[in-house]
Amino acid sequence: MTFARSSGVIAALVALAMPCLPVRAEMSAEELAKLAQNPVGNLVSVPFQNNTNFNTGPLSGTQNILNIQPVIPVNVNKDWNIITRTIMPLIWQPASLPGQGDTFGLGDIQLSAFLSPAEPGPGGLIWGAGAIVQMPTNTSDMLGNKNWGLGPTAVVLKLEKGSPWVYGALFNNIWSLSSDNQGGRYNNFLLQPFLNYNFPSGMYLTMAPIITANWEAASSQRWTVPIGGGIGKIFHLGKLPVNTQLSGYYNVVRPDGGPNWQLRLQVQFMFPK
């Protein structure tokens, strides 16, 4: 239901992007898949990542989060790029009390900026480092925190020409800049290791669990640790490359009220230079 509610936003963003961005049609499907798997690649893209979390909250409801994640690289000079990544979450939050009703709206937007070398290092080593800011854009008290946040972010990965493997990890930690507004103080950690095996056809196997920690919570309620994986494939809409992905994760460690399963569906519209 929530994905359908958001379809108008998806269609509008893609329609705006398609006429004004070039497409490099000569890239192979495998090369496009590897490019999509590089978080700091020199690639304009618009991923739509839908996460459905099952058995969430005291009533074991279903939470749905559609993350709209435009990625825009900026060339500083011939040696350096700045890669901006924005996450705009549209959240369907299940009721936490009988008769309360579900909540739908925009959560807190996060904006990351990575400074990254324009060319890979020895052996295909790629890295980026920078900052992440969390903006109090939520449309309901149930969907976020009204305090601004800031922290470091970094990514490192291996993407070697001729190898089917792409692997690495991304992390960030966000501290609230105040604690006076709705939601109070927060201190949140995220680690996303990723491992991909690519086939020449543009199909690939993927594993990219999102491990989080709430440092303000008691030690027994702090961590969410999923395991799982899935499959992806590069398609084309005309000349436009589209990276699609379906995966599932089980939370082997989770706080009370946290979901036990997650289904992740991603559609990424790619605009290579």
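Residues numbered from 1 in each chain as written. Predicted model: local features only at pLDDT ≥ 70, side-chain atom pairs only at ≥ 80, totals over all residues. Heavy atoms only, no water.

**Quick notes on the side chain of S116**
Logical step 1: The topology assignment puts S116 in strand β6 (residues 109-117).
Logical step 2: A polar atom in the side chain of S116 sits 2.7 Å from the backbone oxygen of W127.
Logical step 3: In contact with S116, other than residues within four places in its own chain, are V40, D79, W80, N81, I126, W127 and G128. (Helix = DSSP H or I, 4+ residues; strand = E, 2+ residues; numbered from the N terminus. Polar contact = N/O pair within 3.5 Å; in protein donor to acceptor, adjacent residues only side chain to side chain. Contact = heavy atoms within 4.5 Å.)

**Things to note about the packing of aromatic side chains**
Describing an aromatic ring pair means giving the distance of the ring centres and the angle of the ring planes.
Logical step 1: With the rule as written, the count across this model stands at 10 aromatic pairs.
Logical step 2: Consider the rings of F189 and W215, whose centres lie 6.0 Å apart with planes at 50°: the pair is tilted. Taken as a pair, F189 in strand β10 (residues 187-198) and W215 in the loop between β12 (211-214) and β13 (223-237) lie far apart in primary sequence, 26 residues in all.
Logical step 3: A relative accessible area of 18% means that F189 is categorised as buried.
Logical step 4: Using a relative accessible area of 33% as the deciding quantity, one classes W215 as partly exposed.
Logical step 5: Each ring, one from Y197 and one from F199, has its centre 5.2 Å from the other, and the planes form 75°; the classification is edge-to-face.
Logical step 6: The exposure class of F199 is partly exposed, given its relative accessible area of 31%. (Phe/Tyr/Trp six-rings, centres within 6.5 Å; stacked < 30°, edge-to-face > 60°. Buried < 20%, exposed > 50% of the residue type's maximum accessible area, 1.4 Å probe, protein only.)

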